[in-house]
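Structural description and commentary
Here is what each chain is made of, one letter per residue.
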Amino acid sequence: MPTLGTAQATIDILQKYGFHFSKKLGQNFLIDPHVIGKIIAAAGVGEDDFVLEIGPGIGTLTQYLCEAAREVTAVELDDDLLPILADTLSAYDNVTVIHGDILKQDIGAIAAEKNGGKPIKIVANLPYYITTPIIMSLFESHVPMESLTLMVQKEVAARMAAGPGSKDYGSLSLAVQYYSEPYLAANVPQNCFIPRPNVDSAVVRLTCRQEPPVAVKDEALMFAIIRASFEQRRKTLVNSLTNSARLSFDKETVRAAIAAAGLPETIRGEALTLPQFAVLADCLHQ
Ligand code: SAM
């Protein structure tokens, strides 16, 4: 049975170990069992599953994952949390804690060892200061993943799910939607954490695509074009793509590619769909 998940249990553990929160490491610990239940349900964790958890903290979500899954590996950066995790997870023999930075782990090797190389489930109440780098490094490393179920800042969840025409639409939307199908599972208020963050949160499940939704000759070029398009989102696409340090196309080449892609010359990047970015990237591919 999990022993954590309430404010009192969290405070007791923190006091027992004299633990001080690190703002720098994005430490906001979950204290609401209903929210934890929603995360486990959204991830669809079952007894055959291997789950990788990012940032277990004092082990609250980890305990519930250990109850639901076959095996759990949790990667925690903060040295001070290791003795606490040894204590709070001592009742479970299906968990491994790795001390380190999630951005420096060989997750492909973890999936190979723990899940026979089959796609893994990732679950995390993410440290918000590196949400986008974590998500992008997981996607770009092409680690076998079934889904990522993540607590993120509410605004970031909105950006992930946004489409053209929305103010939230940007390069994160396109990257997330290229690699996965986002689903907003729950909104989570500030009082579900200790300490209270000064932003609202949301649980999103990103179900990883086994095939990209569009074919493109040069994925890296398409993402460079996407990033350049949103660097100056009020400018026309022609100006954004020719002014960006990421790309070295001249104006005539960009104009010709936009025309070849069947787009009006005055269009802004924020109006393009993912398939349109893919066609444009192919037109600029040499
Ligand atoms: N999972 C716990 C919970 O829900 O109560 C804690 C979540 S807290 C928002 C984020 C956790 O990620 C913290 O424990 C923090 O120390 C850890 N963390 C921060 N940066 C990390 C990194 N680069 N790699 C691994 N863990 C990290």
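Rules and cut-offs
- Residues numbered from 1 in each chain as written.
- Predicted model: local features only at pLDDT ≥ 70, side-chain atom pairs only at ≥ 80, totals over all residues.
- Heavy atoms only, no water.
- Helix = DSSP H or I, 4+ residues; strand = E, 2+ residues; numbered from the N terminus.
- Rg over C-alpha atoms; globule rule 2.2 N^0.38 Å.
- Buried < 20%, exposed > 50% of the residue type's maximum accessible area, 1.4 Å probe, protein only.
- Contact = heavy atoms within 4.5 Å.
- Areas by Shrake-Rupley, 256 points an atom, 1.4 Å probe, with all protein chains shown as cover.
- Lys, Arg positive; Asp, Glu negative; His and termini not counted.
- Charge placed at Lys NZ, Arg CZ, Asp CG, Glu CD.
- Domains from an automatic or database assignment.
- Buried area = accessible area lost by both parts, 1.4 Å probe.
- Salt bridge = Lys/Arg side-chain N within 4 Å of Asp/Glu carboxyl O.
- Polar contact = N/O pair within 3.5 Å; in protein donor to acceptor, adjacent residues only side chain to side chain.
- 1 Å grid on protein atoms, 1.4 Å probe; cavity = no way out; pocket = protein on both sides within 12 Å on 5 of 7 lines; lining within 4 Å.
- Points joined across faces, edges and corners; volume = space filled by probe spheres on them.
- Nonpolar A, V, L, I, M, F, W, Y, C, P; charged D, E, K, R; others polar.
- Axes fitted to C-alpha atoms, helices over the stretch in contact; angles between N-to-C directions.
- Parallel < 35°, antiparallel > 145°, perpendicular 65-115°, else oblique.
- Left-handed = near helix turned anticlockwise from the far one by under 90°.

**A few points about the overall build of the protein chain**
If you tally the helices and strands in the protein chain, you get 12 helices and nine strands. Taken against the 2.2 N^0.38 rule, which gives 19 Å for 286 residues, the C-alpha radius of gyration of the protein chain at 21 Å falls within 12% of a compact globule. Each of the 286 residues in the protein chain was classed as buried or not, and the buried ones make up 51%. Put simply, of all contacts in the protein chain between residues at least 6 apart along the chain, 67% involve residues at least 24 apart. With the model as given, the accessible surface of the protein chain reaches about 13000 Å², and the carbon-plus-sulfur share is 51%. Charged side chains of the protein chain number 24 positive and 32 negative; the gap between the two group centres comes to 9 Å.

**Some words on the domain arrangement of the protein chain**
For the protein chain, the domain assignment lists domain 1 (7-208) and domain 2 (219-285). Taking only C-alpha atoms, the centre of domain 1 and the centre of domain 2 are 34 Å apart. Together, Y169, L174 and Y178 form the three largest contributors to the area buried by domain 1 at its contact with domain 2, with a combined 51%. Counting the contacts that link domain 1 with domain 2 gives one salt bridge. Counting the contacts that link domain 1 with domain 2 gives four residue pairs in polar contact (both at pLDDT 80 or more). Residue assignment for the side of domain 1 that touches domain 2 shows that the elements contributing at least two residues are α6 (131-140) and α8 (171-179). A total of six residues in the side of domain 1 that touches domain 2 trace back to one element, the largest contributor, which is α8.

**Looking at the environment of K104**
With respect to the helices, strands and loops of the structure, K104 is situated in the loop between β4 (95-99) and α5 (107-115). Residue K104 is classed as exposed on the basis of its relative accessible area, which comes to 69%.

**Focus: empty space enclosed by the protein**
Enumeration over the complete set of coordinates arrives at one cavity of 30 Å³ or more. There is about 30 Å³ of room inside the largest cavity. As for the largest cavity, its lining consists of G26, N28, N125, L126, Y128 and F193. Residues of the lining of the largest cavity, tallied by class, amount to three nonpolar, three polar and no charged.

**Section: the packing of helix α2 (residues 33-43) against helix α3 (residues 60-68)**
Two elements in contact, α2 and α3, have axes whose closest approach is 10 Å; the angle formed by their N-to-C orientations is 50 degrees. Considering the angle they form, α2 stands oblique to α3. The two elements α2 and α3 meet at a crossing, and its hand is right-handed. Within the contact between the two elements, α2 uses P33, I36, I39 and I40 and α3 uses T60, L61, Y64, L65 and A68. Here the residues of the contact of α2 with α3 sort into eight nonpolar, one polar and no charged.

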